[in-house]
Amino acid sequence: MKNSFIIYSFIFVLIGMTSMLVSCGEKSTQKLNVELLPDEGNPLVHFRILVKIGSANDPVGKEGLSALTFSMLADGGSKNMSYKEINQRFYPMAASVDLNLGKEISVFSSTIHSDNLENFYAVFKEMLLDPGFREEDFIRIKSNQLNYLEKTLVSNNDEQFGKEILNLMMYKDHPYGHTEAGTVESVKSMTLDEVNNFYQEYFLQGNIIIGLAGGFPTDFPNKVIRDFSVLPERETPALELPSQRLPDGLDICIAEKPTPATAISMGFPLPITKAHKDYFPLWIAVSHFGEHRQHLSHLFQKIREERGQNYGDYAYTDHFIQGRGKFPAPNYCRQQQYFSIWIRPLANSNRHFVIRQALRELKILIEEGISQERFELTRTYLLNYTRLYAQTLGERLGWQIDSHYYGYEDFLAEVQERLPKITLEQVNEAIKKYLNYENIYIAIVSEDAESLKNALTSNTPSPIEYANPNMPEEILEEDLIIQVFHLDVQPEKVRIANAVHFFKTNKLPGN
Amino acid sequence: MLKSLYGTLIALLILVPAVLKGAEIFPYEYQIETLENGLKVVSIPLKTPHIIAYYTIVRSGSRNEIEPGKSGFAHFFEHMMFKGTKTMPREAYDDFLTQLGAGTNGYTSDDYTIYFVVFAGRENLERVVKTEADRFINLYYDEEMLKTEASVIEGEYYASVSNPGRKINEVLRDTAFEKHSYKHTTLGYLEDIQDMPNQYEYSKLYKQRFYAPDNTILLVAGDYDHSQLMDYVRNYYGEWEKSGYVLETPEEPDQLEEKRIHYEWPTRTLPLLSIGFHGPAYSDEVLDKAALDLLGRIAFSQTSPLYQKLVIEEQKCVSLYANFPDRRDPHLLTINAILKDNKDLSAVEDEIFKELKRLKTELIAQDTLSDVRSNLKYSIARSLETTDGIASTLAFYISLTGDPGTINKLFALYEKTTPQDMQDMANKYLTRKNSTVATLTGGNNQ
């Protein structure tokens, strides 16, 4: 038997705990939060060390400081080991430390074979608990962060560029209102002392969740807890975020650059998150309307499948980061969420038409709701598809942590529990309550911005041409409606700026 | 709490080998059966509860695009495969997968197109086999559907049009290769993409040639009974007719002198450098490819002296790495760098060639070789954590040779490779005259 040495076992316990040491019964005053998912005999061990600090904690004028500080831990040396030495230790184990940066949570994660657990952990704990904060690491990482803002983001990835512009629009004068990487101006101003101080101020026991999953030895969590107990016990109070700013009408920002394709993101803040009961019916509605990279998506069917306009068109109830496969990555929890539509790049000649089409489809969704058939299809889909969300132990651990953040014992179990009880009426009520098609922020990356502005504000008809001369009649008839679909765009609500001027500060450039 | 867990989550099973030292890198038992029509089935029943990964590997990729004007066609055809059949049109196929809640997609590379359906519940297996067999045997689309889908491909091109990394890869391959179909990328040339609406007749020829059982391998892994699977497969795929087509890819002539190409990006960007060397095809018997692969990883990994110098110490580069993909025909070993400043392009290129020169005279230390072998083993082990991970990892290797055992043979070759072998391969392949240097700069990046 080639696999005779494989030991099969099920996860036998799932534990979430705070302020206690594991199994030894020893009392401790430490404030660490611990999430464990032990799986005896599993040769892999997953670490997820969450810090309940993100870019929303960046001081004003120092946007990007949390990213720079945490990058110094993940991509820099410790006091005892240079970054080079760390790489040399990690390489034979195929180990690395990944850093995910969010608005309110940052995560250091790694997966390691149990052959190497002790050796890996010895280095990993030093990286987090005894960082080197070397000048040469600081210069390198700061320079990378600046290059990302000045060149990569504005020039090399228009889809992400559009999403970040949408974020700036939605969260003006709000702690969410800058990219995790900060701004060119703020990053340039940062010093190594500021990084060190940020670490001292926020890398606290009370801010940290230690997540461990897999086949670690029984006493391993205690060891980790003891090690992390050297951190100050304090906790940073949860951020008190200001109310979200809803747009007044169609609020448009066009980043202008030479490009054959137009990237579009649009959306508006939502007053609810996964924690709210209405999230579930709203989720069904938005999944129907634009499930991420699935044929189920109505927008995908209308824009891509019927008309071949682009590679895909989706909608979201949450800030969405794609994880393994096309599944949502866990641990991007936030107190405030937003609804968004993502139109993947399309030929510039069709941009006006597709903006009209997306907004018209949203209007139809709100006015007509979804059908019984689509409701049932989407609900069945979500019930089955969410079973695939957490296939690895690391993902399961991530979802466990998210569950607790949003007040559930197990969010994925809650899905199975709640979705069958949701009614079509609840879904259509949620649509009317939370979605709208008239007050939306729209971020566009394109060329010849003035021409688009003129077309939008004057509602110029925007017919399109197809490679297929025999398009179905019903599509051409619908096109006649879409191409003149009225959008109430006021000239003063259309901001145009050269792409290179974005992210210099946390203000939107242009006027 | 446990009750709710059982209600929601698919219980995990340990799939990764408990101890890697000395074990075969791919430890799972598999069975291979071939139908009379040539369809090969690789089956890996696992004790993982619920999950089944159903992969269809078609040996159709950029490599198959041997005729002028047809670049990108393998990828285009992947899109057409989602159009359904007369008995199950696209909408019905979409609804079937939606109700199943399956993770599903297709992807195309140089040598293959892979379609997968990952789903829960062995009770759904027969429906999946039946539906997948139907679409591979009875795919139906008309010319109008093809024309519309061709526009989607153009949209996919646009989705990454702002990525300079894609562009430098495109120009490097176009320059380095003279005749072989690896000259173009999987997406294809834009002018060929724009001509796809006119390729309805060719698409039928393409299907006839390559979408046939003798050019396809089924790979199934997960929670099912093997004999039950084979009953379904025989029942639903039995009528699929062989192609018999033999693909003859153009032979790439030896490169006789160094080539250079520069691309000016329209907006400001970090400068890119990519140096390609013609190397050997994938082999699990001849060690040239394995030795060069190890050498590339050692010489340009994060622990290498050159990486330390250029990325960590002098900080001229943001990144530096080598890439030598496993391909059925000879491909390129590339050394790639993202720089910070245009003015350093020439110096970085010189440093890379200086390092290659050193590797031709100095032997790699045995410890360093052990480290890279270890890295490869643990990297693969991590990819085998899930049923889908096992299937997707193996699918790639199966696409190369048709033999699932090739992955273990490859790792045996890595074990056999000596520092002298690596030095010999450096001398044989990593020469100036065998190189193509591609650079990309754009805007004011100072």
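Residues numbered from 1 in each chain as written. Chains lettered and ligands numbered in written order. Predicted model: local features only at pLDDT ≥ 70, side-chain atom pairs only at ≥ 80, totals over all residues.

Some thoughts on the overall build of chain B
Across its full length, chain B carries 16 helices and eleven strands. The C-alpha radius of gyration computed for chain B amounts to 23 Å, which stays within 12% of the reference 22 Å derived for 446 residues, consistent with globular compactness. Looking at chain B residue by residue over its 446 residues, the buried ones come to 52%. A separation of at least 24 residues holds for 82% of the contacts in chain B among residues at least 6 apart in sequence. (Helix = DSSP H or I, 4+ residues; strand = E, 2+ residues; numbered from the N terminus. Rg over C-alpha atoms; globule rule 2.2 N^0.38 Å. Buried ≥ 20, exposed ≤ 12 C-beta atoms within 10 Å, placed from the backbone. Contact = placed C-beta atoms within 7 Å.)

A look at the overall build of chain A
Along its length, chain A carries 17 helices and twelve strands. For 511 residues, the compact-globule estimate of 2.2 N^0.38 gives 24 Å, and chain A sits close to it at 24 Å. Looking at chain A residue by residue over its 511 residues, the buried ones come to 54%. Look at the contacts in chain A between residues 6 or more apart in sequence, and 81% of them connect residues 24 or more apart.

Some thoughts on the interface of chain A and chain B
Across the contact, 79 residues belong to chain A and 71 residues belong to chain B. Where the side of chain A that touches chain B is concerned, the elements lending two or more residues are α2 (83–90), β5 (106–113), α4 (135–155), α5 (158–170), β10 (337–347), α12 (372–385), α13 (393–405) and α14 (411–418) of chain A. No other element matches α4(A), which puts eight residues into the side of chain A that touches chain B. For the side of chain A that touches chain B, the per-class residue count stands at 35 nonpolar, 28 polar and 16 charged. (Nonpolar A, V, L, I, M, F, W, Y, C, P; charged D, E, K, R; others polar.)

Here we look at unusual backbone geometry
Of note in this structure, A:Arg293 is not a glycine but carries a positive phi near 50°. When you line up the elements, A:Arg293 lands in the loop between α9 (279–290) and α10 (298–305). A positive phi angle is found at B:Gln315, which is not glycine, with a value near 55°. Among the secondary structure elements, B:Gln315 is positioned in the loop between α11 (305–313) and β9 (317–323). Look at B:Gln315 and you get partly exposed, because 16 C-beta atoms sit within 10 Å.

Looking at the domain arrangement of chain B
How big an interface is tends to be expressed through the accessible area that disappears when the partners come together. Residues and elements named next belong to chain B. According to the domain assignment, chain B consists of domain 1 (26–237) and domain 2 (259–442). In this complex, domain 1 contributes 33 residues to the contact, which on the side of domain 2 involves 32 residues. Those elements giving two or more residues to the side of domain 1 that touches domain 2 turn out to be β2 (40–45), β3 (51–58), β5 (113–120), α6 (164–176) and β6 (216–222). Of all the elements, α6 adds the most residues to the side of domain 1 that touches domain 2, at eight residues. Of the residues contributing to the side of domain 1 that touches domain 2, the split by class is 22 nonpolar, five polar and six charged. (Domains from an automatic or database assignment.)

Quick word on the nonpolar core
Formed by 269 residues in total, the largest nonpolar core has its most connected members in A:Ile210, A:Ile442, B:Leu219 and B:Leu295. Those residues in contact with A:Ile210, other than ones at most four positions away along the chain, are A:Leu32, A:Val34, A:Ile49, A:Val224, A:Ile225 and A:Phe228. (Core = buried A, V, L, I, M, F, W, Y, C linked by C-beta atoms within 7 Å.)

Side note on the environment of B:Asp94
For B:Asp94, the position within the fold is in helix α3 (residues 90–100). Each C-alpha atom of the pair B:Asp94 and B:Ser71 lies 28 Å from the other, and the pair is 23 residues apart in sequence.

With respect to the pairing of β3(B)
All names here are of chain B. Across the eight residues that make up β3, a large majority, eight, are buried. Side chains Ile51, Ala53, Tyr55 and Ile57 project from β3 onto one buried face, and the interleaved Ile52, Tyr54, Thr56 and Val58 project onto a second face that is buried too. Bridge count between β3 and β5: eight bridges; the pairing is antiparallel. If you follow isoleucine 57 over to β5, its bridge partner there is isoleucine 114. (Pairing = 2+ DSSP bridges.)

Some details on the sheet that holds β3(B)
Residue and element names in this part refer to chain B. Reading across the sheet, the six strands line up as β1-β2-β6-β3-β5-β4 and stay open at both edges, with mixed pairing between neighbours. Each edge of the sheet is formed by a strand with only one pairing partner; in this case those strands are β1 (31–34) and β4 (103–108). Strand-to-strand, the axes of this sheet are offset by a mean angle of 15°, without reference to chain direction. Bridge analysis of β2 against β6 gives six bridges, and the strand direction is parallel. When the bridges of β6 are listed, valine 41 appears paired with leucine 218. (Axes fitted to C-alpha atoms, helices over the stretch in contact; angles between N-to-C directions.)

Concerning the domain arrangement of chain A
Residue and element names in this part refer to chain A. Its domain assignment divides chain A into domain 1 (15–228) and domain 2 (250–323 + 336–501). Centre-to-centre separation of domain 1 and domain 2, based on C-alpha positions: 31 Å. Counting residues at the interface gives 25 residues for domain 1 and 29 residues for domain 2. Listed by contribution, the elements that provide at least two residues to the side of domain 1 that touches domain 2 are β2 (33–38), β3 (44–51), β5, α5 and β6 (208–214). In terms of residues, the side of domain 1 that touches domain 2 owes the most to one element, α5, which gives nine residues. Of the residues assigned to the side of domain 1 that touches domain 2, the class counts are eleven nonpolar, eight polar and six charged.

Notes on the confidence of the model for chain A
Here chain A shows a mean pLDDT of 92. Residues at 70 or above account for 94%. Under a pLDDT of 50 for its full length, residues 1–28 of chain A has, in the predicted model, 54 contacts with residues more than four places off or in other chains. (pLDDT = per-residue confidence, 0-100.)

Section: the sheet that holds strand β8 (residues 261–270) of chain A
All names here are of chain A. As summarised here, the arrangement of the six strands in space is β9-β10-β8-β11-β7-β12, forming an open sheet in which the pairing is mixed. Of all strands in the sheet, those bounded by a partner on one side alone are β9 (313–316) and β12 (494–498). Within this sheet the neighbouring strands show an average axis-to-axis angle of 15°, counted without direction. Judged from the five bridges that link them, strand β7 (residues 250–256) and β12 form a sheet pairing that is parallel. Looking across to β12, one finds that alanine 255 is bridged to alanine 497. Helix-sheet contacts for α5 involve β7, β8, β10 and β11 (440–446), and the interaxial angle to β8 is about 35°. Strands β8, β10 and β11 of the sheet are contacted by helix α11 (residues 351–368), whose axis makes an angle of about 150° with β10.

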